[in-house]
Amino acid sequence: MVARDGRVVLGSLVICMLARVITSQQQYTGNSVLDCRSNHVNSSNLLYLVNGQRASCQTYLIFKSRHPYNSVPTISILMSVDPSELARANNVTALAVFDTNKEVIVPVNCFSSGQYYQANTTYEIPPQKSTYFVVANDTYQGLSTCDALRFTNPYDEFGLLGGMELQVPLRCACPTANQTGQGTKYLLTYSVSWEDHVPDIGDRFHVTTESLLDANELLPGDCIFPFTTILVPLKDAPTSSQTIIQNKTRTDSPPDATARKGSQPNKVYLGAGIAVGSSLAVCVSLICIGILQRRKSRSESCCGNGDKGESKAILPMNVLSEIASYDQSLRIFKYEELKGATENFSSKNLIKGSVYFGEIKGRSVAIKRTSTDVSREVNMLNKINHFNLTELYGICIRKDRTYLVYEYLENGSLKEWLSNENSRESRSWMRRIQIALDVASGLHYLHNFMESVYVHKAIKSSSILLTSNLRAKITSFNLGKTAARGTRNVPLTNKIVGTRGYMAPEYVKLGAVTTKLDVYAFGVVMLELLTGKDAVMMQEGKEVSLKEEVITLMEGDAADAAVGDLIDSRLKGNAAMLFAVPAIQLSIACVKTDPVSRPCMGEVVSSLLKLQADMEKSQIYVG
């Protein structure tokens, strides 16, 4: 971050990206912009990339009037704009007060900060404690992002105190050469609300659905998310006649947890969590239709390019054809490299089973040795690019054995972490909710953001690994199944493979394979996170299902009291127990017997984000 002419500039802060001329439109990244803790920040999660014909331009944002920012003077201060220009853009007087949830047109000067477009403002933290998530999504309604605030300001994410002044980069963009050639003069930054749909937004601003989709690299039927923004290409400046008063019965702000302390705990999230999910733009229909995300070439692997010509000769043709069919950089390792990295596969380097720790040119890796066919797993892992999915660096085949080289995750499996009674981090509610959100985000990507629907089929606490800072990544892709997007017939299998306690009933009984298998298994994993117990336990010499135990207690007459018995003792005494009930309710929704009644992963992600926002926004945040 550097300062130039009094303006905070984000362009120099990031993120190991190759310099290139960008000619495409801006890519809509969905609700990934809501993740405040990503270590591998997607550039589009910060601000809009500089790809326009001009380095600066005048443009507009849409902000919804809400107390205390509900008048020309107060919104002008919040956005650092001229009040007379704001009044003129909205055809009101200089002291006008807007109705609650009235859309307000905010004129801004958008400029290039090097890699990104932005409009700058400042914000003073109010007396109560706040977080970047709250500032970005509550105060600025998604017109800024967590990542942008985090990288622009020197303060700790949860160390924002009253009186601190934040630099706030606002999302804006200038038209590309193609858009200018088609008559576009402005790109309006529109903050998405709950009931918004792309065609409706286009109708209001007299823009065709096609041009609106094109401006955001969306496809027909793609989901748009609350608290995110899309760009509306306009041939003329927006007018007040195109703005509306959003639904008065609902607020787009993350719900204030502290305001609900007196309500019945088992009803806290009936509207704000699971049930609301069905009406979210996240899932317009029962199963989300995902964005076909462009394949992204991975950066060079940890060991450089190596001598691929010599190594490829030893690979079977089926594996070679899988690798050749994708434009990814998959490293072909020599056996000698792996032998040296693991000290000749020494027992002291053995992590578990047939997985060994190794170091290749200073980078830690995990090397899996197997005699089974790996073409399916190589095929799958070579196509994915998501922070919450374990990355495959490369492969080596020697005689009848195959070696897969993965990124090394220092904290082992979630199952091991939960069983460590001495772990201080395991006492944190926020840690556990973040882990659940990581797993949900990874599954959401697999189900909706690939060319084919991918069902993992092996989600469990031992197939979820943790990084050094306890971010979760899904592994074990060898059992996964793909299906063409939009397929109506449910695939069936006669080969039932899985782990007791995690397999959905329709899979066990019928062999039905859908994304709802993963939703079910995720619900069990979340119950493990909340209770600290295994999916299947031994009680009085009998196996007991964690899911059945939780449902039995929660459906009993003393459900409120049962929560205290269910929650992991390491979390008890924490004021954040207020959030235990909605978290358990979400878990139970995921493990419902009827797969149609389970939420899709988009709904789960949104419910967890809302829960996380409540925990951060409240005064009872711990850990």
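The structure displayed is predicted, hence computed values, not measured ones. Counting starts from 1 at the beginning of each chain's written sequence and moves along it residue by residue. pLDDT decides what is reported in this predicted model: residues at 70 or higher carry local features, side-chain atom pairs at 80 or more are listed and counted, and totals for whole chains, interfaces and linings draw on all residues regardless. Where side-chain values are given, they derive from all heavy atoms of the structure, hydrogens and water being excluded.

A.B. asks: Teacher, can you tell me more about the layout of surface pockets here?
C.D. replies: Empty pockets left among the atoms are what a rolling probe the size of a water molecule brings to light. In the cavity and pocket records, a cavity denotes points on a 1 Å grid over the protein atoms alone where a 1.4 Å probe fits but cannot get out, a pocket denotes an open set with protein on both sides within 12 Å along at least 5 of 7 lines, and lining residues are residues with an atom within 4 Å of a point. Grid points are joined across faces, edges and corners, and a volume is the space filled by probe spheres set on the points. Considered as a void within the structure, the second largest pocket measures approximately 860 Å³ in volume. Around the second largest pocket, the lining is made up of 38 residues, and of these S462, S463, L465, T475 and S476 lie nearest the centre. Contributions of two or more residues to the lining of the second largest pocket are made by β10 (350-352), β12 (363-370), β14 (401-407) and α16 (515-531). Helix numbering and strand numbering both begin at the N terminus, where a helix is a DSSP run of H or I of at least 4 residues and a strand a DSSP run of E of at least 2. When residues in the lining of the second largest pocket are grouped by element, the largest group, three residues, is from α16. For this scheme, ten residues count as nonpolar: Ala, Val, Leu, Ile, Met, Phe, Trp, Tyr, Cys and Pro. Four count as charged, namely Asp, Glu, Lys and Arg, and the remainder, Gly too, count as polar. In terms of residue class, the lining of the second largest pocket is built from 17 nonpolar, twelve polar and nine charged.

A.B. asks: Looking at this model, I keep getting lost on the sheet that holds β12. Mind explaining?
C.D. replies: Strands in a sheet are paired, the pairing made by backbone hydrogen bonds, and the direction either parallel or antiparallel. One requirement defines pairing of two strands: DSSP has to find at least two bridges between them. Spatially, the six strands line up as an open sheet ordered β9-β13-β14-β12-β11-β10, and their pairing is mixed. The sheet is open, and its two borders are formed by β9 (331-332) and β10, each paired with just one other strand. Bridging between β9 and strand β13 (residues 392-398) involves two bridges; their strand directions are parallel. Its bridge partner being in β13, I332 is matched across the sheet by I395.

A.B. asks: Explanation requested: the confidence of the model for the protein in the structure shown.
C.D. replies: Residues shown with low pLDDT carry predicted positions that ought not to be read at fine detail. Overall, the predicted model of the protein reaches an average pLDDT of 78, with 76% of residues at or above 70. The score called pLDDT rates the predictor's confidence residue by residue, from a low of 0 to a high of 100. We call two residues contacting when some pair of their heavy atoms lies within 4.5 Å. Scored below 50 in pLDDT, residues 1-23 makes 45 contacts in the model with residues more than four places away or belonging to other chains. Throughout residues 248-328 the model reports pLDDT below 50, and contacts reaching past four residues in sequence, or to other chains, amount to 183 contacts.

A.B. asks: Whenever I open this one, the state of the cysteines confuses me. Can you help?
C.D. replies: Covalently bonding the sulfur atom of one cysteine to the sulfur atom of another cysteine gives a disulfide. Two cysteine sulfurs form a disulfide in these notes if their separation is within 2.5 Å. Summed over all chains, the structure comprises two disulfides. Two residues share a disulfide in this structure: C57 and C174, whose sulfurs sit 2.1 Å from each other. Its torsion about the S-S bond being -95°, the disulfide of C57 and C174 is classed as left-handed. Placement of C57 in strand β3 (residues 56-64) and of C174 in the loop between β6 (165-170) and α5 (177-181) is noted, with a sequence separation of 117 residues between them. Each member of the pair, C57 as well as C174, carries the same accessibility label: buried. Shown here is the disulfide that connects C110 with C172, its sulfur atoms set 2.1 Å apart. Where C110 bonds to C172 through sulfur, the torsion about that S-S bond is close to 90°, and the disulfide is right-handed. Of the two residues, C110 sits in strand β4 (residues 103-112) while C172 sits in the loop between β6 and α5, which places them 62 residues apart along the sequence. Here the two residues C110 and C172 agree in accessibility, since each one is buried. Each residue gets one of three labels from its accessible area relative to the maximum for its type: buried under 20%, exposed over 50%, partly exposed in between, using a 1.4 Å probe on protein chains only.

A.B. asks: Would you mind showing me how to read the nonpolar core here?
C.D. replies: Nonpolar side chains in soluble globular proteins tend to be buried together. As used in this record, nonpolar core signifies buried Ala, Val, Leu, Ile, Met, Phe, Trp, Tyr and Cys residues forming a set joined through side-chain atoms within 4.5 Å. Grouped together as the largest cluster of nonpolar side chains are 82 residues, with contacts concentrated most on I384, L414, L446, F477, F522, I584 and L608. For the domains described, the bounds stem from an automatic or database domain assignment. In terms of domain composition, this core takes at least three residues from each of domain 2 (328-407) and domain 3 (424-621). Once you skip the residues sitting within four places of it in the chain, F522 turns out to touch A436, V439, A440, L443, I459, C590, M601, V604 and L608. If you look at the next biggest cluster of nonpolar residues, it comprises 36 residues, including V81, A136, L166 and L170.

A.B. asks: Is there a simple way to explain the packing of helix α19 (residues 580-590) against helix α20 (residues 601-617) in this structure?
C.D. replies: Two quantities define a packed helix pair, namely the angle between the helix axes and the distance between the axes. Between α19 and α20, the least distance of the axes is 11 Å, while the angle of their chain directions is 175°. Looking at the two axes, α19 sits roughly antiparallel to α20. Facing P582, A583, L586 and C590 of α19, the residues of α20 in contact are V604, S607, L608 and L611. When its residues are assigned to classes, the contact of α19 with α20 shows seven nonpolar, one polar and no charged. Comment: axis = line fitted to C-alpha atoms, over the contacting stretch for helices; angle = value between 0 and 180 degrees taken between N-to-C directions. Here is the rule for angles: anything less than 35 degrees is roughly parallel, anything more than 145 is roughly antiparallel, 65 through 115 is roughly perpendicular, and the remaining ranges are oblique.

A.B. asks: Explain the pairing of strand β11 (residues 355-360) to me, please; I cannot follow it from the model alone.
C.D. replies: Every second residue of β11 is oriented toward a common face, the buried set being Y356, G358 and I360 and the non-buried set V355, F357 and E359. Here β10 runs beside β11; their pairing, made up of two bridges, is antiparallel. Paired with L350 across the strands is Y356, a residue of β11. Connecting the antiparallel pair β10 and β11 is a turn made up of two residues, with G353 showing a positive phi of about 60°. Sheet topology note: the β11/β12 ladder contains six bridges and is antiparallel.

A.B. asks: What am I meant to see in the pairing of strand β8 (residues 229-234) here?
C.D. replies: For a regular strand, side chains alternate in direction, first toward one face of the sheet and then toward the other. For β8, the buried fraction is high: six of the six residues fall into the buried class. Covered by surrounding structure in β8 are T229, L231 and P233 together with I230, V232 and L234, the residues of both alternating faces. Two elements, strand β7 (residues 186-191) and β8, share six bridges in a ladder whose sense is antiparallel. Bridged to L188 within β8 is V232.

A.B. asks: What exactly am I supposed to notice about helix α1 (residues 72-79) here?
C.D. replies: Every α-helical turn comprises 3.6 residues, leaving residues that sit three or four positions apart pointing alike. Among the residues of α1, those classed as buried are V72, I75, S76, L78 and M79. One side of α1 carries all its buried residues, which in axial view fall inside an arc of 165°. In this structure, the buried residues of α1 make contact with β3, α2 (83-90), β4, β5 (117-124), α3 (132-139) and β6. Positive phi shows up at S80, right after α1, with a value of about 55°. Here the arc refers to the directions that run from the helix axis out to each C-beta atom.

A.B. asks: Is there a simple way to explain the pattern of salt bridges in this structure?
C.D. replies: Once their charged atoms are close, side chains differing in charge can pair, the charge on each being opposite to the other. By definition, a salt bridge exists where a carboxyl oxygen of Asp or Glu is found within 4 Å of a side-chain nitrogen of Lys or Arg. Taken as a whole and assessed by the stated rule, the structure comprises 15 salt bridges. For the salt bridge of R570 with D568, the shortest nitrogen-to-oxygen distance reads 2.8 Å. According to the relative accessible area criterion, R570 is buried, its value standing at 13%. Within the structure, one salt-bridge network assembled from shared partners comprises E421, R432, D568 and R570.

A.B. asks: Looking at this structure, how should I read the packing of aromatic side chains?
C.D. replies: Each aromatic ring pair is summarised here by two numbers: the centre-to-centre distance and the angle between the ring planes. Aromatic contacts are taken between Phe, Tyr and Trp rings whose centres are within 6.5 Å, Trp giving its six-membered ring; a plane angle under 30 degrees counts as stacked, one over 60 as edge-to-face, and the others as tilted. All chains considered together, the criterion is met by ten aromatic pairs. Measuring from ring centre to ring centre gives 6.2 Å for Y335 and F345, while their planes differ by 20°; the resulting arrangement is stacked. In this pair, Y335 sits in helix α11 (residues 335-341) while F345 sits in the loop between α11 and β10, placing the two residues ten residues apart along the sequence. An identical accessibility class is assigned to Y335 and F345; each is buried.

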